[in-house]
Amino acid sequence: MNFEFNSKADARKHFFTLRASIDTALRKEKSLKICKSVCELSEFSKCDTLFLYAPIKSEADPTPLFDAARALGMRVAFPISLTDTFELDFRFVDSLDDLLIGAYSIREPKKDAEKAYFTKKSICIVPALAFDLHGHRLGYGKGFYDRFLNKFNGLSVGITYAELKCSNLPHESTDIPVDIIITDKESVRIK
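First, a word on scope: everything that follows refers to the structure included in this document.

Parameters at a glance
- Residues numbered from 1 in each chain as written.
- Predicted model: local features only at pLDDT ≥ 70, side-chain atom pairs only at ≥ 80, totals over all residues.
- Heavy atoms only, no water.
- Buried < 20%, exposed > 50% of the residue type's maximum accessible area, 1.4 Å probe, protein only.
- Helix = DSSP H or I, 4+ residues; strand = E, 2+ residues; numbered from the N terminus.
- Pairing = 2+ DSSP bridges.
- Right-handed = clockwise from strand over helix to strand, strands pointing away.
- Expected span 1.5 Å × (residues − 1).
- Arc of directions from axis to C-beta.
- Contact = heavy atoms within 4.5 Å.
- Polar contact = N/O pair within 3.5 Å; in protein donor to acceptor, adjacent residues only side chain to side chain.

A few points about the pairing of strand E2 (residues 75-82)
Move 1: Of all eight residues in E2, six are buried; the element is thus mostly enclosed.
Move 2: Summarising the sheet, strand E1 (residues 49-51) and E2 pair through three bridges and their orientation is parallel. Bridging from a neighbouring strand, Phe51 pairs with Ala77 of E2.
Move 3: The parallel pair E1 and E2, bridged by helix H3 (residues 65-71), forms a crossover whose chirality is right-handed.
Move 4: Two strands pair when backbone bridges link them, and E2 and strand E3 (residues 87-93) are joined in this way by seven bridges, in the antiparallel orientation. By the bridge assignment for E3, Pro79 is matched with Phe90.
Move 5: Linkage of E2 to E3, two consecutive antiparallel strands, is achieved through a turn of four residues, within which Phe86 is found at a positive phi near 60°.

Focus on helix H2 (residues 24-39)
Move 1: Its 16 residues place the ends of H2 23 Å apart at the C-alpha level, agreeing with the 22 Å of an ideal helix rising 1.5 Å per residue.
Move 2: When H2 is considered as a whole, its buried residues turn out to be Arg27, Lys30, Ser31, Ile34, Cys35, Ser37 and Val38. Down the axis of H2, the buried set is contained in an arc of 155°. They therefore lie on one face. Opposite its buried face, H2 presents the exposed residues Ala25, Lys28 and Lys36, each directed more than 90 degrees away.
Move 3: Where H2 is buried, its residues contact helix H1 (8-20), H3, strand E6 (123-126), strand E9 (155-159), strand E11 (180-182) and strand E12 (187-189).
Move 4: At the N-terminal end of H2, a side-chain oxygen is found 3.0 Å from the backbone nitrogen of Ala25, two or three residues along, and the residue is Asp23.

Below, the structure is given as structure tokens:
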């Protein structure tokens with residue numbers, strides 16, 4: 001979709017409203033389609049560590065990937081949000097039940113869980129309010145994922161609903177684009 005925004009704040013307002021208008025049952029159906037497409041990536045079967053997130057605010061839900069990854073022998077990590085530095089500290093979990101409510105009311109691993117490290121075979125599933133055709137993401141404005149992706153050398157996969165993909169988003173030099181965008185309708189390889 002082609003939208004024009006004067007600022008990230010304008011874009012956030014638009015996409016929050018648009019995402020909230022998607023019916024809950026439809027969001028679940030779309031999330032399952034997105035997860036199926038992630039599993040079909042050639043890199044998925046070779047992945048050693050899958051970096052996931054626990055969804056908030058009606059985000060696309062990647063947690064069905066947990067069981068698929070574990071069935072293929074992958075380790076799975078979720079982030080802890082470090083609110084003092086705005087960085088993500090990924091930790092391994094053995095079950096989705098290991099996630100507890102943490103910063104920003106997001107489900108996170110326990111702080112004493114084993115620290116996760118990435119390799120070139122790792123995949124990071126990246127949340128966003130919206131993505132554009134260049135892989136730029138519109139997050140919530142704190143830069144957590146940009147800081148992480150700046151160091152990450154695996155495959156970054158942005159997921160969102162088809163309605164939340166547009167041709168261009170406002171972005172800055174510190175915004176790190178993802179390698180692939182997957183919606184419930186298509187997969188777009190950026191790099």
